[in-house]
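Close look at the chain arrangement
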Amino acid sequence: MIYLIDDNKYGQMAENYRIDFTKVLAKYPDSITWLMDLSASSPEVIIKNCSCILIHDSLDGKENKEKVVALAKINNIPYCIFSNGFTATIFAGISIKEIKKDRLYFNLIVFLNHFVEQKTIDFKLLSLGENYEVEKASILQDRLISGTIFNNRSNFNYEVAFPGGSQAFKDLIELVHLSNHAVDFSSFEDEFNSSDTTAEIMRQEVIKMAKKIKQKYER
């Protein structure tokens, strides 16, 4: 069961989006429970019977809200905190500690239908939508190419460009994984961590991998 905890104080769920979520969510009684507050259900009861928790950051009753999140962390249950005061989406392990409320509701039905069909929680869908791999590929490509890794084109060094643990290194791993470029990332590194690899070769490879991901959705 997914728990959505949102007070809907000003009727936003019915008025601010392309559909009336107060009516749509009622069609999924076995998959999602909507609570307007935490007065009727204790945090312990919610945690005992949930697959994930989506909770509004501005919910009244800060103490109970924080207790729900704390119990979710202890019990390894994915949680997502949303607010239109947030601008970026920030993941924290299996959870999302910040996501813009409008983005969550825009992607909620896709996320919910996936849960109904697959019985799994996919916060990437909640964050990026149905074609999240395409959007993610564009984000990764832009970050990698617009970053500093290709600035020194005449003296490119793979290990300097992608030091272990850096954001560029993590972005490259994810792009390789999404594109199915190789069985594992070590195979990719065996090919490109070489003195023969120039900045332009690496740049073109990043573009090629992103294009390959996008093409999967064009068929």
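Above this note sits the structure.
These remarks concern the structure in this document. Since we're looking at a predicted model, the values are computed, not measured. (Residues numbered from 1 in each chain as written. Predicted model: local features only at pLDDT ≥ 70, side-chain atom pairs only at ≥ 80, totals over all residues. Heavy atoms only, no water.)

1. Remarks on the overall build of the chain
We count it as follows: Helix and strand definitions here come from DSSP, where helices need a minimum of 4 consecutive H or I residues and strands a minimum of 2 consecutive E residues; each element is numbered from the N-terminal end. A 1.4 Å probe rolled over the protein chains alone gives each residue an accessible area, and that area as a share of the maximum for its type sets the label: buried under 20%, exposed over 50%, partly exposed in between. Residue contacts are defined here by distance: any two heavy atoms, one from each residue, within 4.5 Å place the two residues in contact. Using a 1.4 Å probe, accessible areas were evaluated by the Shrake-Rupley method; residue-level cover was limited to the displayed protein chains.
The helix and strand tally for the chain stands at 11 helices and 6 strands. With the C-alpha coordinates aligned to their principal axes, the bounding extent of the chain is approximately 65 × 35 × 30 Å. Among the 219 residues that make up the chain, the fraction classed as buried is 43%. In the chain, the proportion of contacts linking residues at least 24 apart, taken out of those at least 6 apart, comes to 61%. Carbon and sulfur atoms form 48% of the exposed surface of the chain, whose accessible area is close to 12000 Å².

2. Some remarks on the sheet that holds strand β3 (residues 52-56)
Strand-to-strand pairing in sheets goes through backbone hydrogen bonds, with the strands running parallel or antiparallel. Note the threshold: Two strands form a pair only when DSSP identifies at least two bridges running between them. Where helices are involved, their axes are fitted lines through C-alpha atoms of the stretch in contact, as for all axes, and angles between N-to-C directions lie from 0 to 180°.
Reading across from one edge, β2-β1-β3-β4-β6-β5 is the order of the 6 strands in this open sheet, with mixed pairing throughout. Edge positions in the open sheet fall to β2 (32-35) and β5 (90-92), since each of these has one partner strand only. For this sheet the average axis-to-axis angle between neighbouring strands, irrespective of direction, equals 15 degrees. Sheet topology places strand β4 (residues 79-82) next to strand β6 (residues 95-99); 2 bridges connect them, and they run parallel. Its bridge partner being in β6, C80 is matched across the sheet by I96. Sheet strands in contact with helix α4 (residues 62-74) are β3 and β4, and its direction is about 155 degrees off that of β3. Packed onto the sheet, helix α5 (residues 101-118) meets β1 (2-5), β2, β3, β4 and β6 and runs at close to 160 degrees relative to β1.

3. Some points on the packing of helix α9 (residues 167-179) against helix α10 (residues 185-192)
Condition: Here the angle decides the label: under 35 degrees means roughly parallel, over 145 means roughly antiparallel, 65 to 115 means roughly perpendicular, and every other value means oblique. Three classes are used, and their members are as follows: Ala, Val, Leu, Ile, Met, Phe, Trp, Tyr, Cys and Pro are nonpolar, Asp, Glu, Lys and Arg are charged, and the others, Gly among them, are polar.
For the pair α9 and α10, the least separation of the axes is 10 Å and the interaxial angle reads 110 degrees. Of the possible angle classes, the one that applies to α9 and α10 is roughly perpendicular. On α10, the residues touching F169, L172, I173 and V176 of α9 are F185, F188 and E189. Taken together, the residues of the contact of α9 with α10 sort by class into 6 nonpolar, no polar and 1 charged.

4. Looking at unusual backbone geometry
Although it is not a glycine, N8 sits at a positive phi angle of roughly 50 degrees. Inspection of the secondary structure assignment puts N8 in the loop between β1 and α1 (12-15). Using a relative accessible area of 10% as the deciding quantity, one classes N8 as buried. Residues other than glycine seldom take positive phi values, yet K119 does so here, at roughly 60 degrees. Tracing the sequence through the fold places K119 in the loop between α5 and α6 (123-128). Take K119: its relative accessible area is 59%, and that puts it in the exposed class.

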